[in-house]
Amino acid sequence: MRHGVARFVTGFLALPLGLYLFYVVWPFLQAAGYSLTDWGGYSDRQQFVGLENYIRLFSDELIRKAFWHNVFFLVTVPLFTIALALFLAFLLNVGGREDRAGVRGVFGSGLYKVIFFFPQVLSLVVIAVMWQQIYRADGQGLINGVLMKIGLINSDDPITFMYDPEPFLGVPAVLWWLLLIAVWSGAGFYMVLFSAAMQSIPKDIFEAAILDGASRFHTFFRITLPLLRDTVSVAWVYLGFIALDMFALVYIMTPSQGGPNHASEIFASVINFNAFQKGQFGYACAIAVALAIFTILLAALQLRITRRERIEY
Amino acid sequence: MSVNPDLDRRTLLRRAAAAGLLVTPAVGLLSACAGSTPSQNNDDKAGEKSKDNPFGVQDNSAVKVVIFNGGLGDAWAKEDQAVFTAKHPSVTVNMSSTQKIKTEEQPKMATQPSDLIMNSGADLMDLSTLINEGAIEPLDDLLTAPAWDSEGTVADSLLPGTVNDGTFQGKFFVVYVAFTVWGNWYNGALFDREGWTPPKTFDEFFTLAPQIKAKGIAPYVYDAVHGYYPRWALMATIWKSAGRQAVIDIDNLKENAWRAEGVLPALEAWEKLVKDKLVLPGKLDHTQSQQAWLDGKAAFIQVGTWLKNEMAATIPPGFEMKLSDYWGLGASDKAPTDVFAGAGEGFVVPSKAPNKAAAKEFLRAVLSKAGSAKFAELTKSLASTKGSGDNVQDAALSTANEVMKNAGKDLISVKLWDFYADLDKESQNLSQELMAGRLTAAQFVDKMQAAADKVAKDSSITKQTRDA
């Protein structure tokens, strides 16, 4: 009997596992292999160069710049997305008026849920193209046009968004504008995730707190947040991956894919430049492998820090 | 790295194994290269060669042609296909057109590439890499082949500069089919109405600019997204001011080439244009800026002769598109009359293309009198074949012809961005920084010199040189 079960399970798992190995794990290993060569990407000629690419990586100024930009996103994307998503989820589930029917969300929360989730159903490319029009750097852009109409900015001096490398809080403005899009497009999904988690918290806990005279502020920080800890930590890891990517937005929206003058350069754009413009596939693979190792370490670290006893309801 | 024919995969594997380096995993990985599938080579069973079929195109074979569908469109290519099929009715031409050349063609280069690729646009495959990797075929035999429908060889039928522009490391690799003239465009109707004369030098432009501004028009607009647009203009000014040899030295990474006499003043003229706020406010891309110019928001825009075709759908009635030469600095100029023109829109034949003979034959058809005349007619741009625009009536084309007639003995041509991807990127970035007013001319020179020195010292980058 047991033997039969094993066969049954194997039968189901073999195909997806095979596909996964062939289309995911195998290319990863290939990239690691190429990272030890000087392959250019256009031929089948390559020489084994050992760890040369990895040594070069550490003295590459552009990579250092890209690294710090990725670190910026790594800190800000999860922070702002989770904060906004939690805020929205709290309002939609337990933020409304308390009455005899118990705890509920603000009026019309069903509609808001759909609206906030909407960016999630759009492809990232569509989002980028849409924001190009919103950010367009003359009077025909949505934001610039409106601000000019109401006289907040001079028509000779539009906001330049993607073309603005001037630092704000030490970080190029273009990165802050990209961050806004990333948070806008990500918050809806995590709002739904947190909503689901909040709904699994028994309502009587909230009601007991309210009876004891806890304010909304206290309910959120003393009850909701601690009980969502697991979900938030998973969200943090996911958003960390997104923050280390950010390629689509940078590639589509910024001038010369990482500009102006390298102000929005990230790991992925440096990989893209080395592999596809400079023709140094081996080196690009080395950067990619380094990035993968960094990502895995980070995820492990995050899960480790947030690990804790679970509360069973 | 790169061109090293005696070290093939097999040798490499043997050496790796012999060295005992990571023996099992490394061999396993390396043998898995995406490029390890040998491609079929149809050239072995080539057809009969003759004067009418100089490359021995095989009957009943197929040739895959990829056209860049950008500013020039792709209608002209279908005419070339008709020219080709008339001579080789049994050969199937599979033509496709795209804007994403690199995205679609690069992954196939090491295994089963298309036979003929028009490598152009923003998403093109880096030429120096293609050549260094041995991924494209030298086409010198195309030059010596008889012309399709005129006397002499194919080389005889081409406009000056075409062969030189397509030659790298002494071999002819890239067949440029369009002949592009760059310069400053203006609306002839507007200038006639206002009594303005298009300036020849920056000083004349700076005198005219206040009058243009007084009419509520910005004197100048440029593409703020693609750094290679303003870079054409900057390099043209440098050539006119500092002379031909200065640019050749820059391309050859000669020491202190960017500090040569005349380079800095050329860039300072552009710095002044920005500082004096003569540029239309806002940051627009190529088509947005061209549209702003067509809408009368700006007086001058600099771009090549594909402009008319690219904007054909939105040219307002009564708008007279006219081309004038780039501005020089005046009396100090070493080459004031040299024109920025050259063959563009390059075709390449991948080394692993299954039907190279038909690819070359197709190129011969593209460069034919019949094909090139259709090209000029449909695109309002000159083809790189002589006499293509003789029968086309068009203001944009005829002013371009006029600019060419007044041209000095040399054509302005810059190889820097084809030679080195790093300097390509850096010069694009710095051009945009200069045009955005964040960089002075002196800083531009310093940074370009530093970047050039860095490439010159980098042994992993294959060096290239030009003498003409």
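Quick caveat, the model's predicted, so the values are computed rather than measured. (Residues numbered from 1 in each chain as written. Chains lettered and ligands numbered in written order. Predicted model: local features only at pLDDT ≥ 70, side-chain atom pairs only at ≥ 80, totals over all residues.)

Student: Explain the overall build of chain B here, please?
Tutor: Looking only at helices and strands, one finds 20 helices and 13 strands in chain B. For the C-alpha atoms alone, the extent of chain B along its principal axes is close to 75 × 55 × 35 Å. Across the 468 residues of chain B, 49% fall into the buried class. For chain B, long-range pairs separated by at least 24 residues make up 74% of all intrachain contacts whose partners lie at least 6 apart in sequence. (Helix = DSSP H or I, 4+ residues; strand = E, 2+ residues; numbered from the N terminus. Buried ≥ 20, exposed ≤ 12 C-beta atoms within 10 Å, placed from the backbone. Contact = placed C-beta atoms within 7 Å.)

Student: Honestly, the domain arrangement of chain B in this entry has me stumped. Any pointers?
Tutor: All names here are of chain B. Here the domain parsing of chain B yields domain 1 (42–180 + 343–408) and domain 2 (183–303 + 420–457). For domain 1 versus domain 2, the separation of C-alpha centres amounts to 31 Å. Taken together, the contacts link five residues of domain 1 with five residues of domain 2. Split by residue class, the side of domain 1 that touches domain 2 holds three nonpolar, one polar and one charged. (Domains from an automatic or database assignment. Nonpolar A, V, L, I, M, F, W, Y, C, P; charged D, E, K, R; others polar.)

Student: Please clarify how the interface of chain B and chain A should be interpreted in this entry.
Tutor: Chain B puts 39 residues into the contact, and the matching count from chain A is 31 residues. At seven residues, helix α19 (residues 421–435) of chain B tops the list of elements feeding residues into the side of chain B that touches chain A. Here the side of chain B that touches chain A is composed, by residue class, of 18 nonpolar, 13 polar and eight charged.

Student: Which parts of the structure should I look at to understand the environment of B:Leu127?
Tutor: Residue and element names in this part refer to chain B. Positionally, leucine 127 belongs in helix α5 (residues 127–132). Expressed as a C-alpha distance, the spacing of leucine 127 and serine 241, which sit 114 residues apart in the sequence, is 28 Å. The contacts of leucine 127, once residues within four sequence positions are left out, are Val174 and Asp418.

Student: Where do I start with the nonpolar core in this structure?
Tutor: When a protein is soluble and globular, its nonpolar side chains tend to lie buried together. If you look at the biggest cluster of nonpolar residues, it comprises 205 residues, and the most contacted ones within it are A:Leu178, A:Ile287, B:Leu116, B:Ala298 and B:Phe362. The greatest single-element share of this core, amounting to 15 residues, is contributed by helix α7 (residues 173–199) of chain A. Both domains that furnish three or more residues to this core are identified here as domain 1 (42–180 + 343–408) and domain 2 (183–303 + 420–457) of chain B. In contact with A:Ile287, other than residues within four places in its own chain, are A:Leu57, A:Ile63, A:Phe267, A:Val270, A:Ile271 and A:Asn274. (Core = buried A, V, L, I, M, F, W, Y, C linked by C-beta atoms within 7 Å.)

Student: When you look at the confidence of the model for chain B in this model, what are you seeing that I'm missing?
Tutor: Regions with low pLDDT should not have their predicted coordinates read in detail. All names here are of chain B. Looking at chain B as a whole, the pLDDT averages 86, with 90% of positions reaching at least 70. Every residue in residues 1–45 is under pLDDT 50, and counting partners more than four places away or in other chains gives 57 contacts. Confidence estimates for the predicted assembly give a pTM of 0.79 and an ipTM of 0.82. (pLDDT = per-residue confidence, 0-100.)

Student: For this particular structure, what's the right way to read unusual backbone geometry?
Tutor: For residues other than glycine, phi is negative in most cases, and the peptide bonds are mostly trans. Residue A:Gly259 is joined to A:Pro260 through a cis peptide bond whose omega torsion reads 0°. Mapped onto the elements, A:Pro260 comes out in the loop between α11 (247–253) and α12 (267–277). Of note, the phi angle at B:Leu253 is positive, near 60°, even though the residue is not glycine. Considering the arrangement of structural elements, one finds B:Leu253 in the loop between α11 (244–251) and α12 (263–275). Overall, the presence of 21 C-beta atoms within 10 Å leaves B:Leu253 in the buried class.

Student: What exactly am I supposed to notice about the sheet that holds strand β9 (residues 298–303) of chain B here?
Tutor: Hydrogen bonds between backbone groups are what pair the strands of a sheet, and the pairing can be parallel or antiparallel. Residue and element names in this part refer to chain B. Across the sheet, four strands lie side by side as β8-β9-β7-β10; this open sheet has mixed pairing. At either margin of the open sheet sits one strand with a lone partner, and together these are β8 (218–221) and β10 (321–324). Between one strand and the next, the sheet's axes are offset by a mean angle of 30°, whatever the strand orientation. Of the pairings in the sheet, the one linking strand β7 (residues 183–187) to β10 comprises four bridges and is antiparallel in character. Counterpart to tyrosine 186 in the pairing with β10 is lysine 322. Running over the sheet, helix α13 (residues 286–294) touches β8 and β9 and is turned about 140° from β9. (Pairing = 2+ DSSP bridges. Axes fitted to C-alpha atoms, helices over the stretch in contact; angles between N-to-C directions.)

Student: Would you mind going over the pairing of β9(B) with me for this structure?
Tutor: Moving residue by residue along a regular strand, the side chains alternate between the two faces of the sheet. Residues and elements named next belong to chain B. Summarising burial for β9: six of the six residues are buried, a large majority. The pairing of β7 with β9 spans three bridges and is antiparallel. Bridging from a neighbouring strand, tryptophan 185 pairs with isoleucine 301 of β9. Examined bridge by bridge, β8 and β9 share three bridges and lie parallel to one another. Across the sheet, residue alanine 218 finds its bridge partner in β9, namely alanine 298.

Student: I'm lost on the packing of helix α3 (residues 75–87) of chain B against helix α15 (residues 356–366) of chain B in this one. Help?
Tutor: Axis angle and axis distance: for two packed helices, these are the angle between their axes and the distance between the axes, and together they describe the pair. Residues and elements named next belong to chain B. Packing of α3 against α15 brings their axes to within 9 Å, and their N-to-C directions diverge by 115°. Comparing their axes, α15 and α3 come out roughly perpendicular. Where α3 crosses over α15, the two elements pack in a sense that is right-handed. Across the interface between the two elements, Asp80, Val83 and Phe84 from α3 touch Phe362, Ala365 and Val366 from α15. Tallied by class, the residues present in the contact of α3 with α15 amount to five nonpolar, no polar and one charged. (Parallel < 35°, antiparallel > 145°, perpendicular 65-115°, else oblique. Left-handed = near helix turned anticlockwise from the far one by under 90°.)

Student: Explanation requested: the pairing of strand β2 (residues 92–98) of chain B in the structure shown.
Tutor: Residue and element names in this part refer to chain B. Pairing of strand β1 (residues 62–68) with β2 involves seven bridges; the strand directions are parallel. What sits directly across from valine 66, in β2, is serine 96. A crossover links β1 with its parallel partner β2, the connecting element being α3, and its sense is right-handed. (Right-handed = clockwise from strand over helix to strand, strands pointing away.)

Student: Just to check I follow, could you spell out the packing of helix α3 (residues 61–94) of chain A against α12(A) for this structure?
Tutor: Residues and elements named next belong to chain A. Contact geometry of α3 with α12 gives a least axis separation of 8 Å together with a crossing angle of 150°. One finds that α3 runs roughly antiparallel with respect to α12. Each of Leu62, Ile63, Ala66 and Asn70 in α3 lies in contact with α12, whose residues at this interface are Phe267, Ser269 and Val270.

Student: How do you make sense of the environment of B:Thr201 when you look at a structure like this?
Tutor: Residues and elements named next belong to chain B. Within the element layout of this structure, threonine 201 appears in the loop between α8 (188–194) and α9 (202–214). Taking the number of C-beta atoms within 10 Å as the measure of exposure, threonine 201 has 17 and is therefore partly exposed. Note: C-alpha distance between threonine 201 and asparagine 187 (14 residues apart in sequence) is 18 Å. Excluding residues that lie within four positions of it along the chain, threonine 201 makes contacts with Trp327, Gly328, Leu329 and Gly330.

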